[in-house]
Amino acid sequence: MSATPLRAPAGAVYDVERVRRDFPILARTVHGKPLTYLDSAASAQCPLAVIRAVDDYETHTHANVHRGVHALSQEATAAFEGARERVRRFINARSTREIIFTRGTTESINLVAQAYGRERLGPGDEILISALEHHANIVPWQMVRDATGCSLVVAPIDRSGELIMQEFHRLLTPRTRIVAVAHVSNALGSILPVAQIVAAAHARRVPVLIDGAQAVPHTHVDVQALGADFYAFSGHKLYGPTGIGVLYGREELLAAMPPWQGGGDMILNVTFERTTYNELPYKFEAGTPNIAGAVGLGAAIDYVESLGIDAIAAHEHGLLEAATAALCAIPGLTLIGTAQHKAAVISFVMQGIHPHDLGTVLDAEGVAVRTGHHCAQPVMDFFNIPATARASFACYNTLAEVQQLAAALRRAQEVFG
Amino acid sequence: MELKDLYRDVILDHNRKPRNFGRLDPADATADGHNPLCGDRLTLSLRLSGDTITDIRFEGKGCAISTASASLMTEAVKGRDRRTVNELFSQVHALLTQPDAVAPASLGKLAALSGVREFPTRVKCASLCWHTLNAALDHGGTISTEGGNESSAEAAR
């Protein structure tokens, strides 16, 4: 294995050891072994900059937003709205009116399912998703289907874990009312051809929701260039806090949608007879939001952009290639998901060793991987397996950790040999 | 936390060569057990004489702990009546969950499960088969370690 540091496109050396020092948790041990954290696709760790931003907000600024004229409330509002502007720039939305803060990707998708899908769909209409979706992009649409009598149509994948575009085009029909697909598969790492999907859907005037939870940490997302109508992602997979996420929606679509939750902040005027709803984006943000979370997300975006998303992606791609080579060299190991274009996820099974047992053996070695169905049971069913082990890579992982993973897998084979 | 405590030789052996694996047809009682967190599924089929288990088989896919636990259980409960099965389950449950439970001699090879309690996430793997057996003896059907629409195994205890 080459020890040469991977180079960012700009020519600057990507110094992973320096990056690691930004993440205090990476210094801890697990069961007496150094932590090898390979579960960032479930939740990425927070850099000190994020921890400090949240701490600083709670220490000096905490108050409610959009209410009161006192200094703290104004500062909290400025911090919260500043974070919204930070998100807008990050994904290049036209306006902060298009940036809605949510609890995470799941809530973002539910918002669209309820306020767009449930409002507009009925018997004879179809929702088109892919067979790669996370449960968060399946169940909300099943709820819409059950409430409205519309149909849920699933575009199939092939054995490599790639969406079969020919089938997608065939299933995109005059009955299709919305397309909802992942940008990157959480279970397999496959990168979906979202630009192609958007182009095909728009040719039929069908709006597209993209679940970007696994994409934003690894690839530059420009919602305008992409043409996405809705784009959902979570803070905690982008090195930010949990409990904060984003729904981007095109303003004309959001403006025509009714609110989905009622309460404070989403109103202009309330009497017992009628309520006038607030303007975008507040119409969709009922109740006191996760202000500290938004501040943390803003800091996380600053951090990611300070490293450079392209540099992170290049680093992770090197790790993915090394891991693919190292794992393929282990007899009895089968990769699940071998799409041509993959993000920093490697899912696999080992002959004779259940993924749950693998997870326990790896944990004893200090190696944290995800084992299970990854909230994508239909993907597991497709491959006729109950579960996989999944290692996922982030900006702070190293080639040495890839070797740690391979060594721990061989250790598992010794235990179960 | 020692891996060797969890994956003892008896466990590894029963995982590699599960005893009483398969299905009884016809059967007097059956039940399915499901652990949705790890995808483990097992089906128990029993022949009964009164409330005594005269024969028992299990089939399904699961981790080493759930497979070995089911295999050990089938050996332990064959020829036992309901009261004895309940006692065994109580003893196994104590062994899996109580920090200083000592395995009574009556548990026999089931004592190999005592290492599981050091691994809290794996306790459900070991207890799934026992909850499934209870379901088979009570009413049949499907039980799940996670509740929801399927009846909750932990709540049933």
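Residues numbered from 1 in each chain as written. Chains lettered and ligands numbered in written order. Predicted model: local features only at pLDDT ≥ 70, side-chain atom pairs only at ≥ 80, totals over all residues.

Engineer: I'd like a description of the overall build of chain A, backed by residues and values.
Structural biologist: For chain A, the count of helices and strands is 14 helices and 17 strands. Over its C-alpha atoms chain A spans a radius of gyration of 22 Å, differing by no more than 12% from the 22 Å that the globule rule assigns to 417 residues. Buried positions account for 51% of the 417 residues belonging to chain A. Pairs at least 24 apart in sequence give 71% of the contacts found in chain A among residues at least 6 apart. (Helix = DSSP H or I, 4+ residues; strand = E, 2+ residues; numbered from the N terminus. Rg over C-alpha atoms; globule rule 2.2 N^0.38 Å. Buried ≥ 20, exposed ≤ 12 C-beta atoms within 10 Å, placed from the backbone. Contact = placed C-beta atoms within 7 Å.)

Engineer: Account for the domain arrangement of chain A, with residues named and values stated.
Structural biologist: Residues and elements named next belong to chain A. Partitioning chain A into domains gives domain 1 (16–30 + 308–416) and domain 2 (51–305). Once you take the C-alpha centre of each, domain 1 and domain 2 turn out to be 28 Å apart. Take the side of domain 1 that touches domain 2: its biggest share by element is five residues, from helix α11 (residues 309–328). Tallied by class, residues from the side of domain 1 that touches domain 2 come to 15 nonpolar, six polar and four charged. (Domains from an automatic or database assignment. Nonpolar A, V, L, I, M, F, W, Y, C, P; charged D, E, K, R; others polar.)

Engineer: Give me the lowdown on the interface of chain B and chain A, citing residues and values where you can.
Structural biologist: With 16 residues of chain B at the interface, the matching set in chain A holds 14 residues. Tallied by class, the residues present in the side of chain B that touches chain A amount to eleven nonpolar, two polar and three charged.

Engineer: Before we move on, could you go through the sheet that holds strand β10 (residues 245–249) of chain A and cite the residues and values that matter?
Structural biologist: Residues and elements named next belong to chain A. What the seven strands build is an open sheet, ordered β4-β10-β9-β8-β7-β5-β6; its pairing is mixed. Each edge of the sheet is formed by a strand with only one pairing partner; in this case those strands are β4 (99–102) and β6 (151–155). Each strand axis lies, on average, 20° off the axis of its neighbour in the sheet, ignoring direction. Packed onto the sheet, helix α3 (residues 71–91) meets β4, β9 (230–234) and β10 and runs at close to 115° relative to β4. Packed onto the sheet, helix α4 (residues 105–120) meets β4, β5 (126–130), β7 (176–182), β8 (208–211), β9 and β10 and runs at close to 35° relative to β10. (Pairing = 2+ DSSP bridges. Axes fitted to C-alpha atoms, helices over the stretch in contact; angles between N-to-C directions.)

Engineer: Go over the confidence of the model for chain B, please, and point to the residues and values.
Structural biologist: Residue and element names in this part refer to chain B. Across chain B, the average pLDDT comes to 89, with 92% of residues at or above 70. Model confidence for chain B, summarised as mean pLDDT per element, is weakest for helix α6 (residues 153–156) at 37 and strongest for helix α3 (residues 64–77) at 97. Segment residues 148–157 is flagged for pLDDT under 50; beyond a separation of four residues in sequence, or across chains, it makes 16 contacts in the model. For this predicted complex, the interface score ipTM comes out at 0.86, while the overall pTM is 0.92. (pLDDT = per-residue confidence, 0-100.)

Engineer: Break down the sheet that holds strand β13 (residues 333–336) of chain A for me, citing the residues and quoting the values.
Structural biologist: Residue and element names in this part refer to chain A. Here we have four strands laid out as an open sheet, ordered β13-β14-β17-β16, and antiparallel in their pairing. Among the strands making up the open sheet, the edge pair consists of β13 and β16 (370–372). Averaged over all adjacent pairs, the angle separating strand axes in this sheet is 30°, with direction ignored. Summarising the sheet, β13 and strand β14 (residues 345–350) pair through four bridges and their orientation is antiparallel. Across the sheet, the residue bridging to L333 is M350, located in β14. Contacting β14, β16 and β17 (388–392), helix α12 (residues 355–364) crosses the sheet at an angle of about 155° to β16.

Engineer: Please set out the packing of α11 of chain A against helix α14 (residues 399–416) of chain A residue by residue, giving values where relevant.
Structural biologist: Residue and element names in this part refer to chain A. Two elements in contact, α11 and α14, have axes whose closest approach is 10 Å; the angle formed by their N-to-C orientations is 25°. Taken together, the axis directions place α11 and α14 in an arrangement best described as roughly parallel. Seen along the crossing, α11 lies across α14 with a hand that is right-handed. Contact with α11, carried on its side by L319, A322, A323, A326 and L327, involves L399, V402, Q403, L405 and A406 of α14 and no other residues of that element. Partitioning the contact of α11 with α14 into residue classes produces nine nonpolar, one polar and no charged. (Parallel < 35°, antiparallel > 145°, perpendicular 65-115°, else oblique. Left-handed = near helix turned anticlockwise from the far one by under 90°.)

Engineer: So, the packing of helix α10 (residues 291–307) of chain A against α11 of chain A: which residues are in play, and what are the values?
Structural biologist: Residues and elements named next belong to chain A. Close contact between α10 and α11 brings their axes to 5 Å; oriented N to C, the two are set at 70°. What the angle tells us is that α10 and α11 run roughly perpendicular. Residues V304, E305 and L307 of α10 form the contact with α11, whose own contacting residues are I309, A311 and I312. Split by residue class, the contact of α10 with α11 holds five nonpolar, no polar and one charged.

Engineer: An account of unusual backbone geometry is requested, with residue identities and associated values reported.
Structural biologist: The amide bond that connects L280 of chain A to the next residue, P281 of chain A, takes the cis arrangement and shows omega of 0°. With respect to the element layout, P281 of chain A can be found in the loop between β12 (275–277) and α10. With an omega of 5°, the peptide bond between D25 of chain B and P26 of chain B qualifies as cis. Relative to the elements of secondary structure, P26 of chain B occurs in the loop between α2 (9–16) and β1 (29–35). Even without being a glycine, R205 of chain A presents a positive backbone phi close to 60°. Inspection of the secondary structure puts R205 of chain A in the loop between α7 (194–203) and β8. Exposure remark for R205 of chain A: the 9 C-beta atoms within 10 Å place this residue in the exposed category.

Engineer: Explain helix α4 (residues 82–97) of chain B to me, using residue names and the numbers behind them.
Structural biologist: Residue pairs three or four apart in sequence face the same way in an α-helix, which turns once every 3.6 residues. Counted at 1.5 Å a residue, the expected span for α4 of chain B with its 16 residues is 22 Å, and the 22 Å between its end C-alpha atoms agrees. On its buried face, α4 of chain B sits against β3 (52–61), α3 and α5 (123–138) of chain B. (Expected span 1.5 Å × (residues − 1).)

Engineer: So what about the nonpolar core? Which residues, and what values?
Structural biologist: Y231 and V295 of chain A are the most contacted members of the largest nonpolar core, which has 131 residues in total. For this core, the leading source of residues is α10 of chain A, giving eleven residues. Both domain 1 (16–30 + 308–416) and domain 2 (51–305) of chain A contribute no fewer than three residues apiece to this core. The residues contacting V295 of chain A, other than those within four sequence positions of it, are A53, V54, Y57, A79 and A83 of chain A. In terms of nonpolar packing, the next biggest core, distinct from the first, is built from 40 residues, L42, A64, M73 and A136 of chain B among them. (Core = buried A, V, L, I, M, F, W, Y, C linked by C-beta atoms within 7 Å.)

Engineer: Report on the environment of T36 of chain A, specifying residues and quantitative values.
Structural biologist: Residue and element names in this part refer to chain A. Structurally, the position occupied by T36 is in strand β3 (residues 36–37). Sequence spacing of T36 and E285 is 249 residues, and the spatial spacing of their C-alpha atoms is 38 Å. Ignoring sequence-local partners within four residues, the contact set of T36 consists of G366, V367, A368, E401, Q404 and L405.

Engineer: A description of the environment of T142 of chain B should follow, citing residues and the corresponding values.
Structural biologist: Residue and element names in this part refer to chain B. Within the secondary structure, T142 sits in strand β4 (residues 142–144). You can call T142 partly exposed: it has 15 C-beta atoms within 10 Å. In sequence terms T142 and H131 are eleven residues apart; their C-alpha atoms lie 9.9 Å from each other.

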